[in-house]
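Secondary and tertiary structure notes
Chain by chain, the residues run as shown.
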Amino acid sequence: MTTRPTPNAPAPDAPTSDVPTSDAPPPDAPVPDAPTPDAPDAPAAPTASIPPAATATAAARAQGSPAQGSPAQAAHRARAHSFNAAAAQYAANRPSYPPALFDALEELTGRPLKGARVVDVGAGTGLATARLHERGADVIAVEPGAGMAAEFRRTLPGVPVVRGNGNALPLACHSAGLLTYAQSWHWTDPALAVPEALRVLRPGGALALWWNTEALDVPWIAESARRVDRHFAGLNLSAEKRNFDARFADPTGTLDFVHREIRWSRRVPLDLHLANLGSHSVFLTDAEERAAAFFAEERRHLLAVFPDGLVEETYDVHLLLGTTPTA
């Protein structure tokens, strides 16, 4: 990525790559776009230059972002921002993704990840970015949150990360072959994010969205999910977790998505399982005493199922992949 610092801004804080970026700021950025020079998590970086993007679309959208309106919008925004204060907990306890997922990406795109120009959007602490990098992809991460981006840099110091989000990608037109959203598309506005993906992708490129979800056909997981639903009775969490069809991903129907489901599991200590659950936005924004009471009760339930304190978590990864026209 070749970058050019904006006037009066500190130098970039990520390794450089040759993916061209845009000067456009992300809409609704929760914090400034770059850390201050004395920020403890900002390593020194070489001075670089940023060519402007070939379009001003992202900047126009950033200027026209709607203000917070309904209480539901405010709550959604609070949940989206909650990860920044819990980035270390997120990185330490969230599950990664199985090799079969990345095999499926190669199969469905018809191209190897090795050497592919990939942009991982809403990268968080880099769980998916790390797997893409291990497969040999030339990957750059886009992350809107300061706390998550700082944790990303600590975890993956050799991979570039830029501040931005999917509604106004800070990338030039036709600069990537694959855009990935791991556990993050639901934080975008598809009416903005789909056109942005089409702008940034090369002809024949692909947009890949995926989520780790609980395998609700496993009895103990279904029972735990019902307890969580009761705890957050005012939210329709079950519906949130099952919206994986093409109409959810792209209400305009511009892209033709293929759906693939991949099951996998991991065996973890009970404390790690509970910390994983606690890293979800609904718990991060819950009242502290109320959440503590829930987790004490949840521990009791799970010890009855797993008396040795080792929990077998089973996941279904839902992958949606849409390909752009070749010409």
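Basis of the calculations
- Residues numbered from 1 in each chain as written.
- Predicted model: local features only at pLDDT ≥ 70, side-chain atom pairs only at ≥ 80, totals over all residues.
- Heavy atoms only, no water.
- Helix = DSSP H or I, 4+ residues; strand = E, 2+ residues; numbered from the N terminus.
- Buried < 20%, exposed > 50% of the residue type's maximum accessible area, 1.4 Å probe, protein only.
- Contact = heavy atoms within 4.5 Å.
- Areas by Shrake-Rupley, 256 points an atom, 1.4 Å probe, with all protein chains shown as cover.
- Pairing = 2+ DSSP bridges.
- Axes fitted to C-alpha atoms, helices over the stretch in contact; angles between N-to-C directions.
- Phe/Tyr/Trp six-rings, centres within 6.5 Å; stacked < 30°, edge-to-face > 60°.
- Right-handed = clockwise from strand over helix to strand, strands pointing away.
- pLDDT = per-residue confidence, 0-100.
- Polar contact = N/O pair within 3.5 Å; in protein donor to acceptor, adjacent residues only side chain to side chain.
- Core = buried A, V, L, I, M, F, W, Y, C linked by side-chain atoms within 4.5 Å.
- Arc of directions from axis to C-beta.
- Salt bridge = Lys/Arg side-chain N within 4 Å of Asp/Glu carboxyl O.

As a further point, take the overall build of the protein chain. The secondary structure content of the protein chain amounts to 13 helices and seven strands. Counting only residues that meet the buried cut, the protein chain has 50% of its 327 residues in that class. Here the analysis covers contacts within the protein chain between residues at least 6 apart in sequence; of these, 77% occur between residues at least 24 apart. Per element, the accessible surface of the protein chain, about 14,700 Å² overall, is 57% carbon and sulfur.

A sheet is described by the order of its strands in space; here seven strands give the open sequence S3-S2-S1-S4-S5-S7-S6, paired in mixed fashion. Here the strands that pair on one side only, and so sit at the sheet edges, are strand S3 (161–163) and strand S6 (257–269). Direction aside, the axes of adjacent strands within the sheet are offset by 20° on average. Relative to strand S5 (residues 201–214), strand S4 (residues 176–182) runs parallel, the two sharing six bridges. Considered in S5, the bridge of Leu178 is made with Ala206.

Taken as a whole, this structure holds 10 aromatic pairs when the rule is applied. A ring pair is formed by Trp264 and Tyr315, whose centres lie 5.4 Å apart and whose planes are at 25°; its orientation type is stacked. With a gap of 51 residues between them, Trp264 in strand S6 and Tyr315 in strand S7 (residues 310–323) connect regions that are remote in the sequence. Among the residues examined, Trp264 registers a relative accessible area of 15% and is labelled buried.

Here we come to the pairing of S4. Burial within S4 is extensive, with seven of its seven residues counted as buried. Two strands pair when backbone bridges link them, and strand S1 (residues 117–121) and S4 are joined in this way by three bridges, in the parallel orientation. Among the inter-strand pairings, Asp120 is bridged to a residue of S4, identified as Thr180. Tracing the backbone out of S4, into helix H7 (residues 190–200) and back to the parallel element S5 gives a crossover that is right-handed.

Moving on, we get to the confidence of the model for the protein chain. Confidence in the prediction of the protein chain, expressed as mean pLDDT, is 78, and 69% of residues score 70 or more. Residue range residues 1–68 is modelled with pLDDT below 50. Its contacts to residues more than four positions away, or to other chains, number 125 contacts.

The subject of this paragraph is the pairing of S7. Along S7, 11 of the 14 residues are buried, which leaves the element largely enclosed by surrounding structure. As defined by bridge partners, S6 adjoins S7 across 13 bridges and the pair is classed as antiparallel. When the bridges of S7 are listed, Ser265 appears paired with Thr314.

Attention now goes to the side chain of Thr188. Mapping Thr188 onto the fold places it in the loop between S4 and H7. Within the structure, Thr188 has its side chain in polar contact with the backbone oxygen of Trp185 (distance 2.7 Å). Setting aside anything within four residues of it in sequence, one finds Thr188 in contact with Gly166, Asn167, Tyr181 and Ala193.

Formed by 31 residues in total, the largest nonpolar core has its most connected members in Tyr97, Leu101, Phe102, Leu105, Leu132 and Trp210. Only helix H4 (99–109), helix H5 (127–134), strand S2 (138–143), S4, S5, S6 and S7 provide two or more residues apiece to this core. Judged by nonpolar contacts, the second largest core, of 24 residues, contains Leu169, Val200, Leu209 and Ala249.

This next bit is on the environment of Thr324. Mapped onto the elements of the fold, Thr324 is located in the segment after S7. With 127 residues separating them in the primary sequence, Thr324 and Ala197 have C-alpha atoms 9.4 Å apart. With sequence-adjacent residues up to four places away left out, Thr324 is seen in contact with Leu198, Leu201, Arg202, Pro203, Gly204, Gly205 and Leu255. Reaching out from Thr324, the side chain makes a polar contact with the backbone nitrogen of Gly204 at a distance of 3.0 Å.

What follows is about the environment of Thr323. Mapped onto the elements, Thr323 comes out in strand S7. Each C-alpha atom of the pair Thr323 and Gly204 lies 6.1 Å from the other, and the pair is 119 residues apart in sequence. When neighbours within four sequence positions are excluded, Thr323 is seen to be in contact with Gly204, Gly205, Ala206, Leu255 and Asp256.

Helical periodicity: at 3.6 residues per turn, an α-helix aligns residues three or four positions apart in one direction. The complete set of buried residues in H4 reads Leu101, Phe102, Ala104, Leu105 and Thr109. The arc that holds every buried residue of H4, seen down its axis, measures 150°, which confines them to one face. Opposite its buried face, H4 presents the exposed residues Pro99 and Glu107, each directed more than 90 degrees away. Packed against the buried residues of H4 are H5, S5, S6 and S7. Positive backbone phi, approximately 75°, marks Gly110, located one or two places after H4.

Before going further, it helps to examine the pattern of salt bridges. Taken as a whole and judged by the stated rule, the model has 15 salt bridges. Taking the shortest distance from any N to any O, the salt bridge between Glu151 and Arg154 comes out at 3.1 Å. Placement of both Glu151 and Arg154 in helix H6 (residues 146–155) is noted, with a separation of three residues, approximately one turn of the helix. Relative accessible area serves as the criterion here: at 12%, Glu151 is assigned to the buried category. With a shortest N-O distance of 2.9 Å, Glu196 and Arg199 are connected by a salt bridge. A residue pair is termed a helical-turn pair when its members lie 3 or 4 positions apart in one helix, as Glu196 and Arg199 do in helix H7 at three residues. By relative accessible area, Glu196 is classed as buried at 0%.

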